[in-house]
Amino acid sequence: MSLIHDDHPDLAALIGEGRVVAYFGYGSLVNRRTLRTRFLGIRRAEVAGWRRFWLPRPQPVPALLSVRPTEDFVTQGVIVYDLADHLPLVDEREAGYMRRVVTADRIVVEDPAPGEVPLFIYEASADEETASEAGAFILQSYLDAVMQGFHALYGRAGLERFVDETEGFRTAVLQDRHAPRYPRPVELEEGEAALFDALVSARGATHLPLG
């Protein structure tokens, strides 16, 4: 499936003017319903040298997805093309992460936009422990947004790959689906809730009732 048809009509011209940046999304950014800037385009992509994991936060703050440098590992996600002027807003959204440059040899993009664009990834430090090691919890409303994004773009196989390859799933999932604490919640399609719950339970997650 190509995502070219979602491009802004002036994407190529804006790239030529040096007004475009790109960043690799590996969590909620994979679901376009969570994007709050008027992005210019989005592509399925894989990045080499980073692995996704659940980054713990001291309770009562929930864990979030991040990546850390991991040689010889390939992580699936998306490339988001955005106006360079929007980068401070993205930095604000990804507060707590470090923005790193991704070189061309570490990224494979489906139908890349023409021209050279600065590409970034937001990472945690390499020595961060996982949420399961720290006893943190995951917001189900956040997890739903991420899993729906992978399901929509990569199908069942891609969704299962996300669950299988993400470290730290052996932790509690707070069941806030019907009273979302995540600020950009999504509405699930028929059957998605049961599918998502089954996959994360099989991976070792436990479900924690809200309240």
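Everything below is about the structure printed above this text.
Quick caveat: nothing in here was measured; it's all calculated off a predicted structure.

Caption draft 1: Broad picture of the packing of helix H4 (residues 140–165) against helix H5 (residues 192–202). Following both chains from N to C, one finds H4 and H5 inclined at 85 degrees, their axes separated by 10 Å at the closest point. Here H4 lies roughly perpendicular to H5, going by the angle between them. Here Gln140, Leu143, Asp144, Met147, Gln148, His151, Arg156, Leu159, Glu160 and Val163 of H4 lie close against H5, whose contacting residues are Glu192, Leu195, Phe196, Asp197, Leu199 and Val200. Its residues placed into classes, the contact of H4 with H5 shows 8 nonpolar, 3 polar and 5 charged.

Caption draft 2: A look at the pattern of salt bridges. Evaluated as defined, the whole model comprises 13 salt bridges. Among the ionic pairs, arginine 156 bridges to glutamate 160, the shortest N-O distance being 2.7 Å. Of the two residues, arginine 156 and glutamate 160 both sit in helix H4, 4 residues apart, roughly one turn of that helix. Judged by relative accessible area, arginine 156 falls into the partly exposed class, the value being 45%. Note on glutamate 160: relative accessible area 28%, which makes it partly exposed. Several salt bridges share partner residues, and in doing so they unite Glu46, Arg161 and Glu165 into one network.

Caption draft 3: Representation of the pairing of strand E9 (residues 206–209) in the model. Summarising the sheet, strand E8 (residues 172–175) and E9 pair through 4 bridges and their orientation is parallel. The residue bridging valine 173 from the neighbouring strand is histidine 207, located in E9. Tracing the backbone out of E8, into H5 and back to the parallel element E9 gives a crossover that is right-handed.

Caption draft 4: Representation of the layout of surface pockets within the structure. A volume near 370 Å³ is recorded for the largest pocket. Around the largest pocket, the lining comprises 21 residues; the ones closest to its centre are Leu64, Arg93, Glu94, Tyr142 and Arg184. Mapped by element, the contributors of at least two residues to the lining of the largest pocket are strand E1 (20–25), strand E3 (64–83) and helix H2 (87–93). For the lining of the largest pocket, a count of residues per class yields 12 nonpolar, 3 polar and 6 charged.

Caption draft 5: Examining the packing of aromatic side chains more closely. Inspection of the entire model under this criterion finds 6 aromatic pairs. Consider the rings of tyrosine 142 and tyrosine 182, whose centres lie 5.2 Å apart with planes at 65 degrees: the pair is edge-to-face. Here tyrosine 142 is found in helix H4, whereas its partner tyrosine 182 is found in the loop between E8 and H5, with 40 residues between them in sequence. Centroid distance phenylalanine 150 to phenylalanine 162: 4.9 Å. Interplanar angle 20 degrees. Geometry classified as stacked.

Definitions and limits used
- Residues numbered from 1 in each chain as written.
- Predicted model: local features only at pLDDT ≥ 70, side-chain atom pairs only at ≥ 80, totals over all residues.
- Heavy atoms only, no water.
- Axes fitted to C-alpha atoms, helices over the stretch in contact; angles between N-to-C directions.
- Helix = DSSP H or I, 4+ residues; strand = E, 2+ residues; numbered from the N terminus.
- Parallel < 35°, antiparallel > 145°, perpendicular 65-115°, else oblique.
- Contact = heavy atoms within 4.5 Å.
- Nonpolar A, V, L, I, M, F, W, Y, C, P; charged D, E, K, R; others polar.
- Salt bridge = Lys/Arg side-chain N within 4 Å of Asp/Glu carboxyl O.
- Buried < 20%, exposed > 50% of the residue type's maximum accessible area, 1.4 Å probe, protein only.
- Pairing = 2+ DSSP bridges.
- Right-handed = clockwise from strand over helix to strand, strands pointing away.
- 1 Å grid on protein atoms, 1.4 Å probe; cavity = no way out; pocket = protein on both sides within 12 Å on 5 of 7 lines; lining within 4 Å.
- Points joined across faces, edges and corners; volume = space filled by probe spheres on them.
- Phe/Tyr/Trp six-rings, centres within 6.5 Å; stacked < 30°, edge-to-face > 60°.

As far as function goes, none of this settles anything; it's purely spatial.
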